[in-house]
Amino acid sequence: MLIAVGPAAADDITVYRCKGGNGQVTVQDSPCGSGQTEVSRSSMTRPQDPPPKPAAPPPQPPDDEPLPAPDYASSVLLRPPPLYQCTDYDGDVRYSEDYDPANRCVPLAVLGYGLTGPQAATACRWVQESCLEMDDASACVQFKAKLKQARSDALHAFSDTAAFRKSEVQRLERIVNDSCR
């Protein structure tokens, strides 16, 4: 049985449905062989490939995700925050991010005044530490040492100080990464 519908166009095709003696059905684009029953459909439009997909825009990070870390190899280093080296009267050194020279009362006997009696025990002279701002390279060395100590402190912190210790490590890592490579 042949079914034809309308005139054939250039892109139209004819499809043949062939049924063999054993009941097997095949669909093909050429006429059926002998001994098969044939049903054909004409004027079917040849399938077309879909148009190419437009190029996808580059993915944008979602607003709630942090931006990728900057490429420090090509960026300019920032100056590290000021760091002060403070030396007390006894020669002990400490480092501070704030200019805060400490005052202390040094007994006059230690300073070489030859006092005797009860006044010698209570008499003192106020002495202020010497605090000087460090150059960038020396400050970086100290910030790296502070970071190493902060990591150790965070590793051994009690639960009540763990959050502060972790935030201090992050703060010092930012300083070292931004200023001290």
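Look up a bit, the structure's there.
Residues numbered from 1 in each chain as written. Predicted model: local features only at pLDDT ≥ 70, side-chain atom pairs only at ≥ 80, totals over all residues. Heavy atoms only, no water.

Participant: Could you give me a rundown of the overall build of the protein chain, with the residues and numbers involved?
Facilitator: Counting its regular elements, the protein chain contains 3 helices and 9 strands. Across the 181 residues in the protein chain, those meeting the buried criterion constitute 19%. Of the roughly 13,800 Å² of accessible surface on the protein chain, a fraction of 56% belongs to carbon and sulfur atoms. (Helix = DSSP H or I, 4+ residues; strand = E, 2+ residues; numbered from the N terminus. Buried < 20%, exposed > 50% of the residue type's maximum accessible area, 1.4 Å probe, protein only. Areas by Shrake-Rupley, 256 points an atom, 1.4 Å probe, with all protein chains shown as cover.)

Participant: Go over the pattern of salt bridges with me, naming the residues and quoting the values.
Facilitator: Following the criterion strictly, the structure yields 10 salt bridges and no others. The residue Asp 100 makes a salt bridge to Arg 94 at a minimum N-O spacing of 3.4 Å. By relative accessible area, which is 35% here, Asp 100 ends up partly exposed. Across the pair Glu 168 and Arg 171 runs a salt bridge whose closest N-O atoms are separated by 2.8 Å. Placement of the pair is Glu 168 and Arg 171 together in helix α3 (residues 162-179), with a separation of 3 residues, close to one helical turn. What emerges from the salt-bridge pattern is a single network uniting Glu 97, Lys 146, Glu 168 and Arg 171. (Salt bridge = Lys/Arg side-chain N within 4 Å of Asp/Glu carboxyl O.)

Participant: Account for the packing of helix α2 (residues 136-155) against α3, naming residues and giving values.
Facilitator: With their axes 9 Å apart at the nearest point, α2 and α3 run at an angle of 155° to one another. Taken together, α2 and α3 sit at an angle that is classed as roughly antiparallel. Crossing of α2 over α3 shows left-handed handedness. For the pair α2 and α3, contact is made by Cys 140, Phe 143, Lys 144, Lys 146, Leu 147, Ala 150, Arg 151, Asp 153 and Ala 154 and by Arg 165, Lys 166, Glu 168, Val 169, Leu 172, Glu 173, Ile 175, Val 176 and Ser 179, respectively. A per-class count over the contact of α2 with α3 returns 9 nonpolar, 1 polar and 8 charged. (Axes fitted to C-alpha atoms, helices over the stretch in contact; angles between N-to-C directions. Parallel < 35°, antiparallel > 145°, perpendicular 65-115°, else oblique. Left-handed = near helix turned anticlockwise from the far one by under 90°. Contact = heavy atoms within 4.5 Å. Nonpolar A, V, L, I, M, F, W, Y, C, P; charged D, E, K, R; others polar.)

Participant: Summarise the state of the cysteines; cite the residues concerned and give the values.
Facilitator: Taken as a whole and judged by the stated rule, the model has 4 disulfides. Shown here is the disulfide that connects Cys 18 with Cys 32, its sulfur atoms set 1.7 Å apart. Handedness of the Cys 18-Cys 32 disulfide follows from its S-S torsion of about -90°: it is left-handed. Here Cys 32 lies in the loop between β3 (25-28) and β4 (37-45) and Cys 18 lies in strand β2 (residues 12-19), a separation of 14 residues in the sequence. The residues Cys 18 and Cys 32 share a single accessibility class, namely buried. A disulfide bridge connects Cys 86 with Cys 131, and the sulfur atoms are separated by 2.0 Å. Handedness here is read from the sign of the S-S torsion; for Cys 86 and Cys 131, about 115°, the answer is right-handed. (Disulfide = S-S within 2.5 Å.)

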